Amino acid sequence: MVDIKKNLLSQIDLYSGKISMPKGFEINKETLQTDIIKHQIQDCEFPFSRELDKLNTYLREHIAVEYGFTLINKLTTGYMFKPNETSYPEKDINEVDLRNSPDYTMLYGVSLNNCSVRIYYDSNRRKGRSWDIKLNNNDFIIFPSTQQYFITNNQKDNLNLILKITYEYI
């Protein structure tokens, strides 16, 4: 018999789902929509709101309970996509300052119609692979900030609004 041991040196974890707040604590999307539009148009810091705090607390506490790690907020921002607009590929880390870069990125669908996120990853020698995830209203995706991604707005009628929060992992 051969004694073979396996050690997992690295993995890319991706968390996704739909936010289902308890009755009476539903998220007021109009507040988040207004905050994203204000943030984009006025080029100001993303405003704190009770709705943002409810969403953020809900996600962070569920990750802590379900997966046993804590997320600490780094930066909150929002995206506003015009019809048929696509984001540039981006990473949410600074390659020359990894110590102060976030560990995770969360995207939350505030007001969406036909939107998707493509996340790029490498699987050993299979470089440049991608994973496409449809993002709907009230859906979230959390993934490592080291992963390159872009967002596609595949419709021609409405603005798409997405909330982004980056986190530090402890």
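The present account deals with the structure reproduced in this document. Since the model is a prediction, treat every value here as computed from it, not as a measurement.

1. Quick look at the sheet that holds strand β7 (residues 149-153)
Strand pairing in a sheet relies on backbone hydrogen bonds, with the paired strands running either antiparallel or parallel. With antiparallel pairing, three strands are arranged side by side in an open sheet as β5-β4-β7. With one partner strand each, in any of the chains shown, β5 (126-135) and β7 form the two edges of the open sheet. The sheet shows a mean angle of 25° between the axes of neighbouring strands, taken without regard to direction. Two strands pair when backbone bridges link them, and strand β4 (residues 115-123) and β7 are joined in this way by five bridges, in the antiparallel orientation. The residue of β7 that forms the bridge with S116 is T152.

2. What about the environment of K18?
Inspection of the secondary structure puts K18 in strand β1 (residues 15-18). Separated by 12 residues in the primary sequence, K18 and K6 place their C-alpha atoms 34 Å from one another. Contacts of K18, omitting those with residues within four sequence positions, involve N137, N138, D139 and F140. Side-chain polar atoms of K18 contact the backbone oxygen of N137, separated by 3.0 Å.

3. Overview of the sheet that holds strand β2 (residues 71-81)
If you trace the five strands from one edge of the open sheet to the other, you get β1-β6-β3-β8-β2, paired in antiparallel fashion. The open sheet has two free edges, formed respectively by β1 and β2, since each of these has just one partner strand. Adjacent strand axes in the sheet meet at a mean angle of 15° when their direction is disregarded. Where strand β3 (residues 104-111) and strand β8 (residues 160-169) come together, seven bridges link them in antiparallel fashion. Each residue of the ladder has a partner; that of S111, found in β8, is L161. Sheet strands touched by helix α1 (residues 29-42): β2, β3 and β8. Its angle to β2, the strand with the most contacts, is close to 80°. Its contacts with the sheet put helix α2 (residues 50-67) on β1, β2, β3, β6 (139-144) and β8, and the angle it makes with β8 is roughly 45°.

4. Quick look at the packing of aromatic side chains
Scanning the model with the defined rule gives nine aromatic pairs in all. Linked through ring pairs, Y15, Y67, F69, Y104 and Y169 together constitute an aromatic cluster.

5. Comments concerning unusual backbone geometry
The backbone phi angle of N84 is positive, close to 60°, even though this residue is not glycine. Mapped onto the elements of the fold, N84 is located in the loop between β2 and β3. Within the chain, N138 stands out as a residue other than glycine whose phi angle is a positive 75°. Looking at the element boundaries, N138 is found in the loop between β5 and β6. In this structure N138 comes out as buried when scored by relative accessible area, which is 17%.

6. Quick word on the environment of P102
Inspection of the secondary structure puts P102 in the loop between β2 and β3. Judged by relative accessible area, P102 falls into the buried class, the value being 12%. Each C-alpha atom of the pair P102 and P144 lies 8.4 Å from the other, and the pair is 42 residues apart in sequence.

7. Thoughts on α1
Across its 14 residues, α1 extends 20 Å between first and last C-alpha, which sits within 8% of the 20 Å expected from 1.5 Å per residue. By the N-cap criterion, in which a side-chain oxygen at the helix start approaches the backbone nitrogen of a residue two or three places on, α1 is capped by N28, the distance to E30 being 3.0 Å. Just beyond α1, the residue with positive phi is D43, at close to 50°.

Conventions adopted
- Each chain has its residues counted from 1, running along the sequence as written.
- It should be noted that, the model being predicted, local features are given only for residues of pLDDT at least 70 and side-chain atom pairs only at 80 or more, the latter also being counted only at that level, while totals for whole chains, interfaces and linings use all residues.
- Remark: hydrogens and water are excluded; side-chain values derive from all non-hydrogen atoms of the structure.
- Strands qualify as paired when DSSP identifies two bridges or more between them.
- Going along the chain from the N terminus, every DSSP run of H or I of four or more residues is numbered as a helix, and every run of E of two or more is numbered as a strand.
- Axes here mean lines fitted to C-alpha atoms, for a helix over just the part in contact, with angles spanning 0 to 180 degrees between N-to-C directions.
- Contacts between residues were defined by any pair of non-hydrogen atoms, one from each residue, lying within 4.5 Å.
- Any N or O atom pair separated by 3.5 Å or less is treated as a polar contact, with the protein-specific requirement of one donor-capable and one acceptor-capable atom, and with residues adjacent in sequence counted only for side-chain atom pairs.
- When two rings of Phe, Tyr or Trp (its six-membered ring) have centres within 6.5 Å they constitute a pair, described as stacked for plane angles under 30 degrees, edge-to-face for angles over 60, and tilted for the intermediate range.
- Accessible area is worked out with a 1.4 Å probe on protein chains only. A residue is then buried under 20% of its type maximum, exposed over 50%, and partly exposed in between.
- Expected span of a helix: the number of residues minus one, times 1.5 Å.

Distances and angles like these do not, on their own, reveal function.
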